[in-house]
Amino acid sequence: MRLRPAKIIVALACVALLAMSTAFATPKGEIRAAFSKFVAAQNAHDLKALGELLSDSPNFLWITRGNVVRGRDAALKRYAGLFESTWRLAPDWSTLEIMMLDVSTAQIFVRMVISSGPLGQPAPSGPALVNQILVKTSTGWRVLSILPGS
């Protein structure tokens, strides 16, 4: 049986597309997706989803308004308190910067508006610059630190 050149070309193109499909999942694309999930989990006040996005490292660090939070469990406790009020993040996606520090560590900066206030009342909002370190784990990119920008 003789294969026609057109069939061979189509078969090779299919193989090439399959091989390249993982190439399109660039680290920066994966990091942007993880950060997007991080924002969505907070806006949904979903502690379970948020916990899956935070690193379980003893080096986890979150500094906010003079408070220092160490460890995922402590961060989730702090988020639980925030989620009892109005809490919403609105990133300016056009300002998102992702810098690869190495193959498994990235730093992101993004401007956002954070709305926070008593539940059921209009929440005051203010601009913020957020600086995060994310690390790649066997289950995907996880937030290792959340620091205020200047």
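Undergrad: Break down the side chain of Ser 85 for me, with residues and values.
TA: When you line up the elements, Ser 85 lands in the loop between helix H4 (72–83) and strand S3 (86–91). With relative accessibility at 15%, the residue Ser 85 sits in the buried group. Beyond its immediate stretch of four places on either side in the chain, Ser 85 contacts His 45, Gly 117, Pro 118 and Leu 119.

Undergrad: With reference to specific residues and values, describe the pattern of salt bridges.
TA: For the structure on display, the rule yields three salt bridges. A salt bridge links Glu 52 to Lys 48, with the shortest nitrogen-to-oxygen separation between them at 3.1 Å. Linking Glu 52 with Lys 48, this pair stays in helix H3 (residues 47–53), spanning four residues, or about one helical turn. The class for Glu 52 is partly exposed, based on a relative accessible area of 44%. Look at Lys 48 and you get exposed, because its relative accessible area is 63%.

Undergrad: Mind laying out helix H2 (residues 27–43), listing which residues take part and the relevant values?
TA: Helix length check: H2 (17 residues) gives 24 Å between terminal C-alpha atoms against 24 Å at 1.5 Å per residue, within 8%. By the burial criterion, the buried members of H2 are Ile 31, Ala 34, Phe 35, Phe 38, Val 39, Ala 41 and Gln 42. Seen along its axis, H2 keeps its buried residues to an arc of 165°; they face one direction. Downstream of H2 by one or two residues, His 45 has phi in the positive range, about 55°.

Undergrad: Provide a residue-level description of unusual backbone geometry, including the pertinent values.
TA: Its identity is not glycine, yet His 45 carries a phi of approximately 55°, on the positive side. Within the fold, His 45 resides in the loop between H2 and H3.

Undergrad: Break down the nonpolar core for me, citing the residues and quoting the values.
TA: Counting residues in each nonpolar core, the largest one holds 31 residues, and the members touching the most others are Phe 35, Phe 38, Leu 50, Leu 54, Trp 62, Tyr 79 and Ile 146. Elements that contribute at least two residues to this core include exactly H2, H3, H4, S3, strand S5 (105–117), strand S6 (125–137) and strand S7 (140–148). Those residues in contact with Tyr 79 that lie beyond four places of it in its chain are Phe 38, Gln 42, Leu 47, Leu 50, Leu 54, Trp 62, Trp 87 and Ile 146.

Undergrad: Quick one: what's the story with the pairing of strand S2 (residues 67–70), residue by residue and with numbers?
TA: Relative to S2, strand S1 (residues 61–64) runs antiparallel, the two sharing four bridges. The residue bridging Leu 61 from the neighbouring strand is Arg 70, located in S2. Linking S1 to S2, which pair antiparallel, is a turn of two residues; within it Arg 65 sits at a positive phi near 45°.

Rules used throughout
- Residues numbered from 1 in each chain as written.
- Predicted model: local features only at pLDDT ≥ 70, side-chain atom pairs only at ≥ 80, totals over all residues.
- Heavy atoms only, no water.
- Helix = DSSP H or I, 4+ residues; strand = E, 2+ residues; numbered from the N terminus.
- Buried < 20%, exposed > 50% of the residue type's maximum accessible area, 1.4 Å probe, protein only.
- Contact = heavy atoms within 4.5 Å.
- Salt bridge = Lys/Arg side-chain N within 4 Å of Asp/Glu carboxyl O.
- Expected span 1.5 Å × (residues − 1).
- Arc of directions from axis to C-beta.
- Core = buried A, V, L, I, M, F, W, Y, C linked by side-chain atoms within 4.5 Å.
- Pairing = 2+ DSSP bridges.

These results come straight from atomic positions and should not be treated as a statement about function.
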